Amino acid sequence: MKLSKELKQLIISFSPSINPLLALCTCVSFIAANDKDTDNNSNEINKKRGLSIMAKMGTLVAAIERHAQGKISIEPKKDLSYAANFLYMLKEKMPSKKEERIFDVCLILTAEHDLNASTFAARVAVSTWSDLYSAIVAAIATLKGPLHGGASIKSIETFEKLASEMEGKKFCDKGCLKIVEDYVMETLSQHKRIMGIGHRVYKVKDPRAKILEKYAERTSSGNLLYFQIAKEIEKVMAKEKNLYPNLDYFSGIVYKSLSIPKRLYICIFAMARTSGWVAHIIEEYNDNRLIRPRSEYVGSKNRNYIPIEKR
């Protein structure tokens with residue numbers, strides 16, 4: 001999990017305002033640049049690389065965030081779990097067993113999920129027989145777009161926006177619920193999306209969201225406002241559009257309870273999903289065929305060529 005002196009120096013050379021995903025991509029590329037055997041794609045070597053990258057991800061994310069806050073990075077502790085180490089390195093404070101367990105569950109639920117955009121990007125990269133590091137960078141790059149992994153931030157921002165209209169209440173009464181319903185109906189009337197609701201694969205409630213929902217409720221004791229807003233949005237969307245929450249919907253509430261900054265939510269996705277990416281990458285190497293989809297031309301036919309001097 002430890003970072004080299006050179007890698008730490010790279011991180012402190014970044015602008016504190018750098019997008020943390022861009023910083024993460026650069027760090028993985030830097031690790032690759034210092035691997036003298038990058039083009040060796042043997043199964044044994046890639047398993048070692050995969051474990052190394054998986055171990056370092058949490059340390060990198062924590063170090064990048066601490067640099068953004070103007071603080072020095074914290075060394076990991078051998079006697080802490082992966083989840084506990086991340087929370088410790090991020091906040092320089094030992095997490096409770098409850099916090100450790102909650103974050104560990106979040107990592108487990110995010111670790112793997114079929115052939116989504118980032119996993120597909122990783123497999124496309126290694127199908128060309130590129131290296132494991134480049135595939136991880138490709139996967140992280142897909143997360144920078146808000147449609148894959150970014151819904152956790154958009155969801156919590158929606159809850160924050162609605163909560164700000166409720167005059168500091170800690171619980172949602174009938175008036176609050178009406179504000180939420182009106183917001184959803186107005187959003188739908190404008191043909192806009194409610195982020196965190198709906199899934200390209202699931203037509204029912206994401207089973208991972210069911211688990212995170214329980215943790216979101218447990219961690220909201222004393223201030224159930226965000227959770228109640230989330231449940232009311234879910235209720236209206238199920239009634240109006242037959243759409244249900246995905247993994248990202250409740251995760252922001254859980255991360256907020258752990259005092260994790262919003263800008264890190266997508267980095268945590270990358271941190272957890274690295275294990276899934278590595279598994280897919282190794283599988284692709286072991287049974288590879290170049291991924292080369294075909295496109296269908298649907299433009300104008302029989303067009304005449306006009307010489308450039310006559311255009």
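The rules we used
Every chain's residues receive numbers from 1 upward, in the order its sequence appears when written. Reporting of local features is limited, given that this is a predicted model, to residues whose pLDDT is at least 70; pairs of side-chain atoms are given and counted only at 80 or more, and all residues count toward the totals for whole chains, interfaces and linings. Side-chain numbers here rest on the full set of heavy atoms in the structure, without hydrogens or water. Every helix listed is a DSSP run of H or I at least four residues long, and every strand listed is a run of E at least two residues long, numbered separately from the N terminus. Summary of the burial criterion: residues with accessible area below 20% of their type's maximum are buried, those above 50% are exposed, and those between are partly exposed, where the area comes from a 1.4 Å probe applied to protein chains only. Contacts between residues were defined by any pair of non-hydrogen atoms, one from each residue, lying within 4.5 Å. This count recognises Lys and Arg as positive and Asp and Glu as negative, with His and chain-terminal groups excluded. Every charge is mapped to an atom, namely NZ of Lys, CZ of Arg, CG of Asp or CD of Glu. Salt bridges are identified by distance alone: a Lys or Arg side-chain nitrogen within 4 Å of an Asp or Glu carboxyl oxygen. Any two rings among Phe, Tyr and Trp, with Trp reduced to its six-membered ring, count as a pair given centres within 6.5 Å; such a pair is stacked if its planes are under 30 degrees apart, edge-to-face if over 60, and tilted if neither. Working rule: Lys NZ or Arg CZ, within 6 Å of ring centre, within 35 degrees of ring normal, means a charge sits over the ring. Put plainly, a pocket is an open set of points on a 1 Å grid over the protein atoms alone with protein on both sides within 12 Å along at least five of seven lines, a cavity is a set where a 1.4 Å probe fits but cannot get out, and a lining residue has an atom within 4 Å of a point. Grid points are joined across faces, edges and corners, and a volume is the space filled by probe spheres set on the points. Each residue receives one of three labels: charged for Asp, Glu, Lys and Arg, nonpolar for Ala, Val, Leu, Ile, Met, Phe, Trp, Tyr, Cys and Pro, and polar for the others, Gly being one of them. What makes a nonpolar core is a set of buried Ala, Val, Leu, Ile, Met, Phe, Trp, Tyr and Cys residues whose side-chain atoms join them at distances within 4.5 Å.

Peer 1: An account of the overall build of the protein chain is requested, with residue identities and associated values reported.
Peer 2: Along the backbone of the protein chain there are 13 helices and zero strands. Each helix and strand of the protein chain, ordered N terminal to C terminal, gives the series α-α-α-α-α-α-α-α-α-α-α-α-α. Seen through its C-alpha atoms, the protein chain measures out along the principal axes to roughly 65 × 60 × 40 Å. Within the protein chain, the proportion of its 311 residues that are buried is 48%. Of all intrachain contacts in the protein chain linking residues separated by at least 6 positions in sequence, the fraction that spans at least 24 positions is 76%. On the protein chain, the mean spot of the 49 positive side-chain charges and the mean spot of the 35 negative ones are 1 Å from each other.

Peer 1: Describe the pattern of salt bridges, and please don't skip the residues or the numbers.
Peer 2: Under the defined criterion, the tally for this structure stands at 19 salt bridges. We note a salt bridge from E160 to K262, for which the minimum N-O separation is 3.0 Å. With E160 in helix α8 (residues 151–164) and K262 in the loop between α12 (247–257) and α13 (265–286), the pair connects residues that are 102 residues apart, well separated along the chain. What emerges from the salt-bridge pattern is a single network uniting E157, E160, K256 and K262.

Peer 1: Mind laying out unusual backbone geometry, listing which residues take part and the relevant values?
Peer 2: Positive phi is not limited to glycine here, since D114 has a value of about 60°. Here D114 shows up in the loop between α5 (97–110) and α6 (117–127). Judged by relative accessible area, D114 falls into the exposed class, the value being 53%. One non-glycine residue, N302, adopts positive backbone phi at about 55°. As for its placement among the helices and strands, N302 is situated in the segment after α13.

Peer 1: So what's going on with the packing of aromatic side chains? Residues and values would help.
Peer 2: Under the counting rule described, the total for this entry stands at seven aromatic pairs. When the ring of F86 is compared with that of F103, the centres are 5.2 Å apart and the planes differ by 15°; the resulting orientation is stacked. You can see F86 sitting in helix α4 (residues 82–91) and its partner F103 sitting in helix α5, a full 17 residues away along the chain. Looking at F103, the relative accessible area reads 0%, which means it is buried. Note on F227 and F250: the rings are 6.1 Å apart at their centroids and 40° apart in plane angle, and the pair reads as tilted. With F227 in helix α11 (residues 225–241) and F250 in helix α12, this residue pair connects regions lying 23 residues apart in the sequence. Pair check on accessibility: F227 and F250 agree, each one buried. Through a chain of ring-to-ring contacts, three or more aromatic side chains come together here, namely F86, F103, Y255 and Y265. When the ring centre of Y215 is taken as reference, the NZ or CZ atom of R218 above it lies at 4.9 Å.

Peer 1: Account for empty space enclosed by the protein, naming residues and giving values.
Peer 2: Per the stated rule, a full pass over the model turns up two cavities of 30 Å³ or more. Here the largest cavity defines a volume of roughly 50 Å³. Lining the largest cavity we find T110, G149, S152, L247, D248, S251, Y255, Y265 and F269. Breaking the lining of the largest cavity down by element, the ones donating at least two residues are α12 and α13. Considering only residue class, the lining of the largest cavity consists of four nonpolar, four polar and one charged. Each pocket or cavity is described by its volume, and for the second largest cavity that value is around 40 Å³. Looking at the second largest cavity, the residues that line it are K2, L3, K8, T59, S73, I74, E75 and P76. Here the residues of the lining of the second largest cavity are counted per class, giving three nonpolar, two polar and three charged.

Peer 1: Explain the nonpolar core residue by residue, including any values.
Peer 2: Grouped together as the largest cluster of nonpolar side chains are 93 residues, with contacts concentrated most on F86, F103, I136, I140, I233 and I260. Broken down by element, the residue count for this core peaks at 13 residues, all from α13. Beyond its immediate sequence surroundings of up to four residues, I233 is in contact with T158, F159, L162, V180, V184, I194 and Y249.

Peer 1: Give me the lowdown on the environment of Y215, citing residues and values where you can.
Peer 2: Here Y215 is to be found in helix α10 (residues 207–218). Along the sequence, Y215 and V254 sit 39 residues apart, while their C-alpha atoms lie 6.7 Å from each other. If we ignore the near neighbours within four places in the chain, the residues touching Y215 are R101, I102, V105 and V254.

Peer 1: Give a description of the layout of surface pockets that names residues and reports values.
Peer 2: In this structure, the largest pocket spans a volume of roughly 660 Å³. Secondary structure elements with two or more residues in the lining of the largest pocket: α12 and α13. Of the residues that constitute the lining of the largest pocket, the class distribution is 10 nonpolar, nine polar and six charged.

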